[in-house]
Structure formats: C-alpha cells, structure tokens
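Coordinates in review
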Amino acid sequence: MIKKLFPLALSAALVFGGFLLSSAEDLVIDGLGRLPFPKDVTVTDGGGSALSRFMIEGTHRKNYGKSARAAMWSILTVPPGMQLYPEKAPYPYDSMHMYQIRKTDVRGTYSAGIYVISGTEKDFFHEGHLKAARFWETAFREDAERPTSLFGMPKIQTSEFQALVDHVLSEKKGPSMQVKILKFVPWRAFKNEDGTYRWGQEAKVILTNEKGLSFPLWISANLLKAGDKYYLIEVNGSHAAADQLSNLLLYGFYRMKR
C-alpha cells in the first residue's frame, strides 16, 4: 500500500501545495544560506509535515535501497559515488527538509517541491566510493583544478544515459517503472557570484509506473558544500513548472547569500 501511496502523495504535494507553514519570498536553508526569489514567487516551509515524515519513513522500508524507485532517484539526483539510501545507518535522507516554491501569473500557478538533504562525508559515503569522496572533498574550492566534466570523463550523451537508466531499472526486483529521458544535462560545476561553486544536473523525463500511469517530471539536482557539510538540493516539478521556475532557481543559486 505504501508503494502505491508514495508517488501519489508526492504528486499531491507538488500540485496542491499541501503545506501549512509560513511563506516568504526567499528560501533560507539552515547552515547554507539564503536563495533570493522575486516577489511573485512564494516559498513555503514544509519541514515536519505529515508528508515529509511519510517520505522519510518510506526510505526505511527493508531493501528500499535496492528497489527500482531508489535506483531511479539515485541516477537522476545523487552525485556519483554518494549513497542516499544505504543499508545501514547513518541514513542521509533522515535529514530531508521539504519546501515548495510557487509562482502565479495570468496563465496559471506553477509549483515545485524542493528537498534538502544534508550531511557530512560520513553520512553520504560510508557505503559509497572513497575515490569519489576525495573528488567531492575539494570540488568546491575556488582554487580546485576542476575538470570540464565529472571526474574528467567524456560527457555522456542523452542516448547513452537512457541506455544506462533502462539497464539499471531492468535489473531491479519489485514493481517495474520506466523513465523516458527527454532532456538531460549531466553533472557539471557552476560558479556563483561570491566565487563558490555549485554542482548540478538537470533532466526532463516521462515517468511511467507499474500501473501504466505516466507523469511528466522535471528534476534538478544541486550539490553545495558549507564547511564539512554537503547539501544535496533536489527540485521536482512538472515540465510547465520548469519553464517558469528553472531560470529563477538558477538565479537564486547564483546570488545565494551565505
């Protein structure tokens, strides 16, 4: 039953904005900084909500990390080498804090969910790869020798990424799902106004679940670092929301006040 309710609850949150806490024009992430947004964008804090607890508890299910759903989110949102759904504690997803951004104009209302997962190297890499941990440790320094693509490897093409997604999902047990990649920009570094760096990956996909129901989904994954803590910020919304909010989000990251 939980497997069926999880995507429905997520969709409801994105579409209807079922959060009851205060709103503001800026997104303030504790320990990281403030992302500025224009006045026509509303930011709602959903931390501690029933939906937030439901999502965290869902990742605690036995073998969730081996499921097709976890594999899909890992490929689309988790930097290579990091482990968001480990078999043993510490569990990075326990730190997840949920927000929603929403913009309304004459054409309609556009919203997206923002999920902030934070933790140290111990949290994200205790079941990950040590080589990757060493890469991410220095990848945010202004004097770092940054490769033009992740780990200096050739940039992956959309068709190659689609083949990777298909292969990984085909090997997973449990309810099947399909992901059609429409747009894909792989992990790369962006320099912010203050000289710090953010790593990001973005995709537009069509997600089809085991019942044959399809959903358009925009996914923006962003990795930042403050001190010894990593902040993985996932943004999920519709394709229409991406058209209205993606540039505002990029501007917010670029002008972020630490």
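In the block above lies the structure referred to throughout.
Computed from a predicted structure; not experimentally measured. (Residues numbered from 1 in each chain as written. Predicted model: local features only at pLDDT ≥ 70, side-chain atom pairs only at ≥ 80, totals over all residues. Heavy atoms only, no water.)

**Observations regarding the pairing of strand 8 (residues 197-208)**
Going by this rule: Partly exposed describes any residue whose relative accessible area lies between the buried limit of under 20% and the exposed limit of over 50%, with all areas from a 1.4 Å probe on protein chains only and scaled to the type maximum. Going along the chain from the N terminus, every DSSP run of H or I of four or more residues is numbered as a helix, and every run of E of two or more is numbered as a strand. Note: two strands are recorded as paired if DSSP finds a minimum of 2 bridges between them.
Within strand 8, 10 of the 12 residues are buried, which leaves the element mostly enclosed by the surrounding structure. Where strand 7 (residues 178-191) meets strand 8, 11 bridges bridge the pair, whose relative direction is antiparallel. Each residue of the ladder has a partner; that of Arg 188, found in strand 8, is Gly 200. The hairpin turn running from strand 7 into strand 8, its antiparallel successor, is 5 residues long, and Gly 195 in that turn takes a positive phi close to 95°. Turn length for the strand 8-strand 9 (residues 214-226) hairpin, with the two strands adjacent in sequence and antiparallel, is 5 residues, and the turn residue Gly 212 shows positive phi of about 85°.

**A look at helix 5 (residues 130-138)**
Rules: In this description, one arc is meant: the one made by directions from the helix axis to the C-beta atoms. By the convention used here, residues are in contact when the closest approach between their heavy atoms is within 4.5 Å.
By the burial criterion, the buried members of helix 5 are Ala 132, Ala 133, Phe 135 and Trp 136. Buried residues along helix 5 cover an arc of 160° about the axis, so they all sit on one side. Among the exposed residues of helix 5, those pointing more than 90 degrees away from its buried face are Leu 130 and Lys 131. Those residues of helix 5 that are buried lie in contact with helix 4 (121-125), strand 8, strand 9 and strand 10 (229-237).

**Digging into the environment of Ala 240**
Positionally, Ala 240 belongs in helix 7 (residues 239-254). The class for Ala 240 is partly exposed, based on a relative accessible area of 38%. Between the C-alpha atom of Ala 240 and that of Tyr 110, which follows or precedes it by 130 residues, the distance is 7.2 Å.

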